[in-house]
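# Chain and residue survey
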Number of protein chains: 2
Amino acid sequence: MKSYWIWNYGDYEIYHTNLVNSRRQEYGADYPVFWRMSDIERNIKFYSEIQTETKGHIKLWVKGIGHIVIDGNRYKSDMDIPLEPGNHTMQICVSNLNGLPAAFIESDVCATGDGWYTIDKEENKIKAGYDVFYDNAKKNPEEFPFAYERKKPVSKEKLQKGILFDFGKEMFGYLLITNAKKEEHIHVSYGESREEATDTDESLIFEDVTGEQSYKLRQRAFRYIFISGSESAEAEADYEYLPLEYKGSFRCNNETVNKIWDLCAYTLHLNSREVFLDGIKRDRWLWSGDAYQSYKFSNYLFFDKEIIKRSILGLRGRDPIVEHINTITDYSLYWIISLNEYYMNFKDKEFLDFIYPRAVSLMDFVKGREDENGLVTKKYNDWIFIDWSELDFTGAVCAEQILYIQANKSMANISKIIGKPFKKYEEKADELIRKVNELYWDDEKGAFIDSFESGKRNVTRHANIFAVLYDIATKEQIESIVKNVLFNEKIIKITTPYFEGYELDVMGKLGYLDYIEDMLLSYWKGMLDLGAATIWEEFDPKLKETEHYSMYNNKYGKSLCHAWGSGPIYLLGKYYLGVYPTSAGFETFEISPNLGGLEFIEGTVPINGGEVKVYLSKNRLEVTASRDGGALIFKDNKYTLKPGEKLVIAQ
Amino acid sequence: MKSYWIWNYGDYEIYHTNLVNSRRQEYGADYPVFWRMSDIERNIKFYSEIQTETKGHIKLWVKGIGHIVIDGNRYKSDMDIPLEPGNHTMQICVSNLNGLPAAFIESDVCATGDGWYTIDKEENKIKAGYDVFYDNAKKNPEEFPFAYERKKPVSKEKLQKGILFDFGKEMFGYLLITNAKKEEHIHVSYGESREEATDTDESLIFEDVTGEQSYKLRQRAFRYIFISGSESAEAEADYEYLPLEYKGSFRCNNETVNKIWDLCAYTLHLNSREVFLDGIKRDRWLWSGDAYQSYKFSNYLFFDKEIIKRSILGLRGRDPIVEHINTITDYSLYWIISLNEYYMNFKDKEFLDFIYPRAVSLMDFVKGREDENGLVTKKYNDWIFIDWSELDFTGAVCAEQILYIQANKSMANISKIIGKPFKKYEEKADELIRKVNELYWDDEKGAFIDSFESGKRNVTRHANIFAVLYDIATKEQIESIVKNVLFNEKIIKITTPYFEGYELDVMGKLGYLDYIEDMLLSYWKGMLDLGAATIWEEFDPKLKETEHYSMYNNKYGKSLCHAWGSGPIYLLGKYYLGVYPTSAGFETFEISPNLGGLEFIEGTVPINGGEVKVYLSKNRLEVTASRDGGALIFKDNKYTLKPGEKLVIAQ
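Scoring rules and cut-offs
Residues numbered from 1 in each chain as written. Chains lettered and ligands numbered in written order. Predicted model: local features only at pLDDT ≥ 70, side-chain atom pairs only at ≥ 80, totals over all residues. Heavy atoms only, no water. Helix = DSSP H or I, 4+ residues; strand = E, 2+ residues; numbered from the N terminus. Rg over C-alpha atoms; globule rule 2.2 N^0.38 Å. Buried < 20%, exposed > 50% of the residue type's maximum accessible area, 1.4 Å probe, protein only. Contact = heavy atoms within 4.5 Å. Buried area = accessible area lost by both parts, 1.4 Å probe. Salt bridge = Lys/Arg side-chain N within 4 Å of Asp/Glu carboxyl O. Polar contact = N/O pair within 3.5 Å; in protein donor to acceptor, adjacent residues only side chain to side chain. Nonpolar A, V, L, I, M, F, W, Y, C, P; charged D, E, K, R; others polar. Least-squares fit on C-alpha atoms with pLDDT ≥ 70 in both. Domains from an automatic or database assignment. Pairing = 2+ DSSP bridges. Axes fitted to C-alpha atoms, helices over the stretch in contact; angles between N-to-C directions. Parallel < 35°, antiparallel > 145°, perpendicular 65-115°, else oblique. Left-handed = near helix turned anticlockwise from the far one by under 90°.

Of the regular secondary structure elements, chain A holds 14 helices and 31 strands. Its C-alpha radius of gyration of 27 Å places chain A within 12% of the 26 Å reference for a compact globule of 651 residues. Along the longest, intermediate and shortest principal axes, the C-alpha atoms of chain A span 80 × 70 × 60 Å. A total of 651 residues make up chain A; the buried ones form 61% of that total. Considering only intrachain contacts with a sequence separation of at least 6, the fraction spanning at least 24 residues in chain A is 71%.

Residues and elements named next belong to chain A. Of all 11 residues making up helix α4 (residues 288-298), 11 are buried, and the element is well covered by its neighbours. Listed as buried for α4 are S288, G289, D290, A291, Y292, Q293, S294, Y295, K296, F297 and S298. The secondary structure elements touched by the buried residues of α4 are α3 (255-270), α5 (305-316), α6 (329-346), α10 (461-469), α12 (497-509) and α14 (567-576).

The interface is formed by 39 residues belonging to chain B together with 39 residues belonging to chain A. Taken over both partners, the interface formed by chain B and chain A buries close to 3,600 Å², and the fraction arising from carbon and sulfur atoms is 52%. Taken together, chain B and chain A are joined by six salt bridges. Between E26 of chain A and R74 of chain B there is a salt bridge, and its shortest N-O distance comes to 3.4 Å. For the pair chain B and chain A, the interface holds 20 residue pairs in polar contact (both at pLDDT 80 or more). Where the side of chain B that touches chain A is concerned, the elements lending two or more residues are α1 (11-20), β3 (29-30), β4 (43-52), β6 (65-70) and β7 (73-76) of chain B. Here the residues of the side of chain B that touches chain A are counted per class, giving 16 nonpolar, nine polar and 14 charged.

Before going further, it helps to spend a moment on the relation of the copies chain B and chain A. When chain B is fitted to chain A, the best match, at an RMSD of 0.0 Å, comes from turning it 180 degrees and sliding it 0.0 Å along the axis. Overall, the copies show the geometry of a two-fold rotation axis. Closest approach to the rotation axis among the C-alpha atoms of chain B is made by N98 of chain B, whose C-alpha sits 2.1 Å away. In this assembly the copies share their binding face: 100% of the residues contributing to the interface of chain B also contribute to that of chain A.

Along its sequence, chain A is carved into domain 1 (6-130), domain 2 (147-241), domain 3 (329-384 + 390-493) and domain 4 (577-650). Averaged C-alpha coordinates put domain 2 of chain A and domain 4 of chain A at centres separated by 46 Å.

Residues and elements named next belong to chain A. Pairing within the open sheet is antiparallel, and its five strands lie in the order β8-β5-β10-β1-β13. Only two strands of the sheet have a single partner each, and these edge strands are β8 (81-83) and β13 (129-130). Pairing analysis gives six bridges linking strand β5 (residues 56-63) to strand β10 (residues 102-107), with the strands arranged antiparallel. Residue pairing in the sheet places W61 in a bridge with F104 of β10.

All names here are of chain B. The N-to-C vectors of helix α8 (residues 398-417) and helix α9 (residues 423-440) enclose an angle of 160 degrees; their axes lie 8 Å apart at closest approach. Looking at the two axes, α8 sits roughly antiparallel to α9. Every pair of crossing elements has a handedness; the one defined by α8 and α9 is left-handed. Residue-level inspection shows C398, Q401, I402, Y404, I405, N408, K409, M411, A412, S415 and K416 of α8 in contact with α9, the latter providing Y425, E426, K428, A429, L432, I433, V436 and Y440. In terms of residue class, the contact of α8 with α9 is made up of 12 nonpolar, three polar and four charged.

Residue and element names in this part refer to chain B. In contact at an axis separation of 13 Å, helix α7 (residues 349-367) and α9 are set at 40 degrees when each is read in the N-to-C sense. What the angle tells us is that α7 and α9 run oblique. As for how α7 packs across α9, the hand of that crossing is left-handed. Contacts between α7 and α9 involve Y356, V360, M363, D364 and K367 from the former and K424, Y425 and K428 from the latter. Among the residues forming the contact of α7 with α9, the class breakdown is four nonpolar, no polar and four charged.

Next up on the list: the environment of E184 of chain A. All names here are of chain A. Position of E184 among the secondary structure elements: in the loop between β16 (163-178) and β17 (185-191). Contact partners of E184, with chain neighbours within four places excluded, come to V209, T210, G211, G229, S230, E231 and S232. Of the polar contacts made by the side chain of E184, one reaches the backbone nitrogen of K181; its length is 2.9 Å. Only 2.8 Å separates the side chain of E184 from the side chain of S230, close enough to count as a polar contact.

A few words now on the sheet that holds strand β1 (residues 6-7) of chain B. Strand order in the open sheet formed by five strands is β8-β5-β10-β1-β13 (chain B), and the pairing between neighbours is antiparallel. Taken across any chain shown, the strands that pair with only one partner, and hence form the sheet edges, are β8 (80-83) and β13 (129-130) of chain B.

Side chains that differ in sign of charge can pair as their charged atoms come close. Applying the stated criterion across every chain, the model contains 106 salt bridges over all chains. Taking the shortest distance from any N to any O, the salt bridge between E236 of chain B and K152 of chain B comes out at 2.4 Å. Here E236 of chain B, found in strand β20 (residues 234-241), pairs with K152 of chain B, found in the loop between β14 (147-151) and β15 (155-159); they are 84 residues apart in sequence, far enough to count as distant. A network of salt bridges, in which partner residues are shared, links R24, E26, D278, R282, D283 and E537 of chain A together with R74 of chain B.

Structure representation (structure tokens):
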């Protein structure tokens, strides 16, 4: 019978996140994450009650050590056990101190997968985790199911000190070196840029090998490979990737915008792996702030809930909580906020049920960071990040309180959904809104200030952007913020594309599509003009040559393939094609397409259980939703869409 | 410089406990513990501030992956790093998903060991763990530092179905089979008894091997090895043991008692390994109740605080607490109680400081199990064990409340010692004492009853023994308990040597040495008479032949080398030689020797920082304490002992 490897629900994701978070290297040194790695359960008991109608056989396989107890009798793994027809109670014990404890039943009459559960400390049954990929005894849930493709370099160039291979665009995978000589001491230098690869003194990622004629080096990101120390070596690579379907698409009259969309899609795809990575070269860590943005982008491209769940589980880990997610206060709050947004897209109550206790304990942890005003503040080693920017970080910071409001709203909402007490979160959100207005809104400046404790009454964009994004600001406040902050040249500009993601989201939300287009055709196009084949972590047109590659005090410290640069997928999908859910799981959804300054746009937006196709030009609109619940909002009219039927509005 | 491998304090012990708890096998099936295995931290940051006076070099070794940051600069492991004279801040990051994260510095100017610390979530510095055994880069803290001795069988016997090897007495180690033929399919059957080894259908532990001429089988316990399937095979063994010093000794005129003491010592030694095991053959798990008794016994033989600390750490694991220690309510309470007793013996405040938060959270967990009366009860899957006996387990059980009183007293005391709030524990103990007297003391029966909820008013020995042992009973109550329970034939007898341990302790405490001698010369001698070379888990003189080996529904389920059988070491040391501490760490201690019904006794009792030698016959007493603080209590007189000076009292 079809059977799947089972594990303690949620541990597979933590296990693979830990592997991800252990793979960073810099200048030859291993560089695991600086935050706590949550571990998995080490010995698991799985239970099931099984009915068989015929005689059969059963064989237990485990990762680790263990046994199966059938109707009270214990049997070892790897042995054939006859099974009589009838009802059977089964219990599998698996222990694994070095890997992921997992079990698999091979049998003609029963299977592992659905129907198996663990029991938590309050005697609740928790469904065992499994993935349909791991469907036979030979497969190993400790190995992530990536796809592979052999890639050859597009060019090979002999330079003075070695051979440079260009793979055409950034990729991630195993480098294969052949045709080397055993006696050669080979230095392999990886580069996202040609300059980085050939700068063997300063390149961030390298490896020295000797003694073999061929090598398969560990998986890393690169576009360029520079091999020195060998005259004859050849390079190929096994591209390793998650085989995600590109469900979303976008085309318009502007080829630059189209190209930006393509590069954003590829950039996001490279960073979509076991979990959402920040960048494919340097950190390759799982960061909550980066992941939170990637969820949004991904929902307009892959609409894959599995990678979001994996990221959410991997970020949160298990109790006890000893520090914020990634040690950052805002990153804990994004995590809470993401749960409600996840539900809005996928209406996955089962996952909410599972994750809920971890959300509650994280909220309790945040609550432990409140000051006497009930505002969230820094305690111990907490990192109040918000952005790399000149915020006034004195005491309780406004932007953080707005995230805390939204986190409480999110908790209230998911509590309601799964039937748990929600009042305390609602009341906390209301109380915080009152306090934020009282303590941070400055009537004179017409904006939220960063901090009230310092007395500086400093205004930056951050809190104001959040206030609009999360619907904290009233209509009047929004009007004031637009004038006094967003379009006020005196307010220091957002300098990181990370926070620019939030600003652009707000610009889209407020209908300032020209602002988005300006950014596409300056910031993003600026990278394209420099030959970027993936979107960078940051771009500053004032920089020259290799200055572009420098960041964090490293000459090549900048990531040239960074997930947060993929925002245009989201912006073009949500604010141009105009598709978004209006109730959980897209049971109802709206399409309000907007050309902005473009001539025509067309594309597909994946939704839960279907997709929406949109074509819009100056005189024609075509919309098709593959499922029901859709409403077109166009020029102040509302049209109900019928599933599968194209609605055409022509002038 | 002398350097040691460092790890996250407490994780080494959990790591090795997990290995121990994973090694049980039965009928060929792996049988890991049924309770949760706590895991260790997977990525650690160690800090130190180091001063060097000369130029030097440093090299980092890690178990896992990691790097060292010296004065802000990151260096990889396994490389030579020059170090200038001066002050340096150092930070080592190590991550290990499959083993124990650990670090070692090899250097001419600095070292790992003292002076290194980790930082907890409240920014307290926690000393890094290390052990002087692991003093060079080649040593591996994932391997426990046992000693080894090659052992040959004392006899070899060809039987019809195979060859039987007798190693003379029970041992633990790696079986070495030589002189086999590759084509032979060899069945190796292990036995604590000859009958078990040769009963290849029913023996609990066996292994089938083929394809080699020689084998080294995994570490197991055995006295007899039966090899079938080979004509020529020879067997030897690598005895694996903890090289503990036998600091305690005991001799008397009765050779049976002497032999019992010797067998008890060997039995305890076999079970003294990474941690205290219950029995060396079957479970080889770490059980809190068994360990608690072993601490007492061990303090009169090895006085080794390291194995006690390892057991305490291994039992407790790390947060979160999802169930009682070993799932048993009483076993959580013994753990708390043991901390104060540990301090009483070793005055190790540093360890208390470290373990204290884990004691607090365990007490909080127990508190979560209180009923509306504030009595500790069963919740969820809690196991109220007390003893394998006919107690009335309805509702809140008296014996459990008395342990809870003692646990609160223990918490109050250790809280005082390390300067933490202690009142709530004192108050809770007082409140519980009042309630226990009110709810469980039966004036008519003159005893504590098991349960008040059932209305049965059943009296067993258990609660009454605890009430005397832990000084809950008043003088009048004790007198009543002695008459109405302890020496009342109508009260069902203790049937397990586990609880008999508590009963004998109470008999010793009350001065009924004749009772102890009767038990030695019936129960313990009974085993000797049947040829026991180690002390069994249980002995019932009514049983015949292989009936003696059966337990837990297995023909050979009984352990024939069980730690809790070693009680006579403690009884003879504490109540005959009469040595015990009267303040923490034996700063003051008393010696009140008692011959009981013996002609003479002599022996050594190890104490903190020294030892006490006692000789007592009917007309002569000699006492020497190697350190100060000792007082001899003899025939209502008190004599102050001078360190190293023998005090002689002759009639």
